[in-house]
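Chain by chain, the residues:
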Amino acid sequence: MSTLSEHLIEEIRELPAKYPQPRSAVMPALDLAQEEVGYLTAEAMSEVAAALKLDPGYVEGVATFYTLFHLQPIGKHRFYVCTNLSCTLRGANEIVAHVKGAVGVHEAGELSKDGLFSYEEVECLGACEYAPVMRLDHRYERDLTPSKIDALIAERRSLATPSAVEPPHPALRADLPAKRGGKKRTTKGG
Ligand code: FES
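Criteria and cut-off values
Residues numbered from 1 in each chain as written. Predicted model: local features only at pLDDT ≥ 70, side-chain atom pairs only at ≥ 80, totals over all residues. Heavy atoms only, no water. Pairing = 2+ DSSP bridges. Helix = DSSP H or I, 4+ residues; strand = E, 2+ residues; numbered from the N terminus. Axes fitted to C-alpha atoms, helices over the stretch in contact; angles between N-to-C directions. Contact = heavy atoms within 4.5 Å. Salt bridge = Lys/Arg side-chain N within 4 Å of Asp/Glu carboxyl O. Buried < 20%, exposed > 50% of the residue type's maximum accessible area, 1.4 Å probe, protein only. Phe/Tyr/Trp six-rings, centres within 6.5 Å; stacked < 30°, edge-to-face > 60°. Lys NZ or Arg CZ within 6 Å of the ring centre and 35° of its normal.

(A) Looking closely at the sheet that holds strand 3 (residues 134-136). The mixed open sheet is built from four strands, whose spatial order is 2-1-3-4. Since the sheet does not close on itself, it has two edges, and those belong to strand 2 (117-122) and strand 4 (139-141), each with one partner. Here the strands of the sheet are splayed against their neighbours by 25 degrees on average, with no regard to which way each runs. Strand direction decides the pairing type here: strand 1 (residues 77-82) and strand 3, joined by three bridges, are antiparallel. Bridging from a neighbouring strand, Phe79 pairs with Leu136 of strand 3. Contacts between helix 6 (residues 92-103) and the sheet are confined to strand 1 and strand 2, with strand 1 contributing the most and set at about 160 degrees to the helix. Sitting on the sheet, helix 7 (residues 146-159) touches strand 1, strand 2, strand 3 and strand 4, and the angle it makes with strand 3 is about 10 degrees.

(B) Looking closely at the pattern of salt bridges. Taken as a whole, this structure holds four salt bridges when the rule is applied. Residue Asp137 pairs with Arg156 through a salt bridge whose shortest N-O separation is 3.1 Å. Of the two residues, Asp137 is situated in the loop between strand 3 and strand 4 and Arg156 in helix 7; the sequence distance between them amounts to 19 residues. Residue Arg156 is classed as buried on the basis of its relative accessible area, which comes to 10%.

(C) Structural view of the packing of aromatic side chains. Enumeration according to the criterion identifies two aromatic pairs in this entry. Note on Phe65 and Tyr66: the rings are 4.9 Å apart at their centroids and 85 degrees apart in plane angle, and the pair reads as edge-to-face. Geometry around Tyr58 places Arg23 over its ring, the cationic atom sitting 3.9 Å from the centre. One residue, Arg142, lies across the ring of Tyr130, its end atom 3.9 Å from the ring centre.

(D) Geometry of unusual backbone geometry. In the segment running from Ala131 into Pro132, the intervening peptide bond is cis, with an omega of -5 degrees. In this fold, Pro132 is placed in the loop between strand 2 and strand 3. For Lys53, which is not glycine, the phi torsion reads 55 degrees and is therefore positive. Here Lys53 is to be found in the loop between helix 3 (42-52) and helix 4 (56-65). Even without being a glycine, Asp143 presents a positive backbone phi close to 45 degrees. Of note, Asp143 is situated in the loop between strand 4 and helix 7. Look at Asp143 and you get partly exposed, because its relative accessible area is 35%.

Here it is in structure tokens:
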């Protein structure tokens, strides 16, 4: 049985036609797979490779290079906090400490008990003039303060009513290791 839904595999097969270089479809394809499964399992990556008719090693190489792809369970909402120089000078370490305390995790990549949150420290996000900065889900949050963080977390928790939240993916278990490494390299905006 496939990890990815038939519908998604079909969608991935159609992606190469949208790009001048068919290989360019690998990033959006991995993004779709991650969105559906929660993170990129070995099976999901190999199904992406098969759907795109690409070498599985190439697909895995892309998935492991970019920080926006995750090979282990992560939170539904991810904080990518910049801890490069400008942000650190303007309080990024305090922001990281506040995020950790507010969602109840101790280290980067750890999943909060409710499966909603995880955080990572990343290199410059290219928005130094708004330091401290982070990306939360697909949006940049700028000029961060502890109260802004609290509001962002409260907003997401309020959406996560029991009827609105799907049960966590079976693999989203807090006792699984969730960290690939230390501070991540990231591409600008990603
Ligand atoms: S140092 Fe944080 S965005 Fe550049």
